[in-house]
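If you want the building blocks of each chain, they are given just below.
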Amino acid sequence: MPRKFRRSRSRGGSLDQGLAMLGERLANPVSQHRAKLAARVRVQPTSNVPRNIYYAPDMDGNTEPGEVVWVTVPSQPPSERSMLVVGREHHDVLGLLISPGAQHADDSRWLGIGAGEWDASGAPCWVRLDKTLLVPETDVHRRGTTVPRPRFDRVATRLRDHFDWT
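Quick caveat, the model's predicted, so the values are computed rather than measured.

Novice: Tell me about the overall build of the chain, residues and numbers included.
Specialist: The secondary structure content of the chain amounts to three helices and eight strands. The linear arrangement of helices and strands in the chain, starting from the amino end, is α-α-β-β-β-β-β-β-β-β-α. Relative to its full complement of 166 residues, the chain shows a buried share of 37%. For the chain, restricting intrachain contacts to residue pairs at least 6 apart in sequence, the fraction spanning at least 24 positions comes to 66%.

So, in structure tokens, the structure goes:
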């Protein structure tokens, strides 16, 4: 009997450690462990994934067009990048990469969206229009940020005019 009690105590210790780790991850959805794992990102030419585009951010737990999410992109080392959600395809989120790189200002593949919570530096940002990222919703990190409606409408207009979105 004492032997069973010792096993139970050691399992209890492991259980406590596991629960503590789970608690840390739940308190911080972008856990350090998760942030190091690259998302399963597929990149498609935007003209290959045309769809109806509409503004519908809703902080209800699902990722919706108009919201900004973060994705850990496959690179060495993996890095976290923001993207503007422009649609969905089943369980995948469709997004446009956001970049603060000033070199995009004169590049027709990029459209300025200004500064916002999607970039901590406060620098003006651009979204890449010609490439759409398809990422499983489970691989995105949400932080409750949206692109203001007028800026999203500019992106939607450009997608409609140049990439046959509706």
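Novice: Go over the confidence of the model for the chain with me, naming the residues and quoting the values.
Specialist: For the chain, per-residue confidence averages 84 on the pLDDT scale, and residues scoring 70 or more make up 78% of the total. Taking the mean pLDDT of every element in the chain, the minimum, 44, falls on helix α2 (residues 32–35) and the maximum, 98, on strand β6 (residues 125–128). Predicted confidence for residues 1–11 stays below pLDDT 50, and this span has zero contacts to residues more than four positions away or in other chains.

Novice: Kindly report on the packing of aromatic side chains, identifying the contributing residues and their values.
Specialist: For the coordinates displayed, the defined rule picks out one aromatic pair. Note on Y55 and F152: the rings are 5.2 Å apart at their centroids and 55° apart in plane angle, and the pair reads as tilted. Highlighted residues: Y55 in the loop between β1 (42–45) and β2 (67–73) and F152 in helix α3 (residues 149–163), separated in sequence by 97 residues. Here Y55 falls in the partly exposed class, since its relative accessible area comes to 22%.

Novice: Residues and numbers for the side chain of T132, please.
Specialist: Here T132 shows up in strand β7 (residues 131–136). At 2.8 Å, the side chain of T132 and the side chain of T46 are in polar contact. With sequence-adjacent residues up to four places away left out, T132 is seen in contact with R42, V43, Q44, T46, V49, L94, G95, L96 and W165.

Novice: Can you break down the environment of V43 residue by residue, with the values?
Specialist: Residue placement: V43 occurs in strand β1. Remark: the alpha-carbon pair of V43 and L96, spanning 53 residues in sequence, is separated by 9.9 Å. Filtering out sequence-adjacent residues up to four positions away, V43 remains in contact with K131, T132 and L133.

Novice: Break down the environment of M59 for me, citing the residues and quoting the values.
Specialist: Locating M59 in the fold gives a position in the loop between β1 and β2. In the structure, M59 is positioned 83 residues away from R142 in sequence and 9.2 Å away in space, judged by C-alpha atoms.

Novice: Give a detailed account of the nonpolar core, specifying residues and quantitative values.
Specialist: Grouped burial of nonpolar side chains is what soluble globular proteins tend to show. If you look at the biggest cluster of nonpolar residues, it comprises 23 residues, and the most contacted ones within it are V86, V127, V155 and L159. Element by element, the count of residues in this core is highest for α3, at five residues. Beyond its immediate stretch of four places on either side in the chain, V155 contacts L84, L96, L111, I113, V127 and L129.

Novice: Report on the environment of R40, specifying residues and quantitative values.
Specialist: Here R40 is to be found in the loop between α2 and β1. Through-space distance from the C-alpha of R40 to that of E137 is 10.0 Å; in sequence the pair is 97 residues apart. If sequence neighbours within four positions are ignored, R40 has contacts with L134, V135, P136, T138 and D139. Of note is the side chain of R40, whose polar atom sits 3.3 Å from the side chain of T138. Of note is the side chain of R40, whose polar atom sits 2.9 Å from the side chain of D139.

The rules behind these values
- Residues numbered from 1 in each chain as written.
- Predicted model: local features only at pLDDT ≥ 70, side-chain atom pairs only at ≥ 80, totals over all residues.
- Heavy atoms only, no water.
- Helix = DSSP H or I, 4+ residues; strand = E, 2+ residues; numbered from the N terminus.
- Buried < 20%, exposed > 50% of the residue type's maximum accessible area, 1.4 Å probe, protein only.
- Contact = heavy atoms within 4.5 Å.
- pLDDT = per-residue confidence, 0-100.
- Phe/Tyr/Trp six-rings, centres within 6.5 Å; stacked < 30°, edge-to-face > 60°.
- Polar contact = N/O pair within 3.5 Å; in protein donor to acceptor, adjacent residues only side chain to side chain.
- Core = buried A, V, L, I, M, F, W, Y, C linked by side-chain atoms within 4.5 Å.

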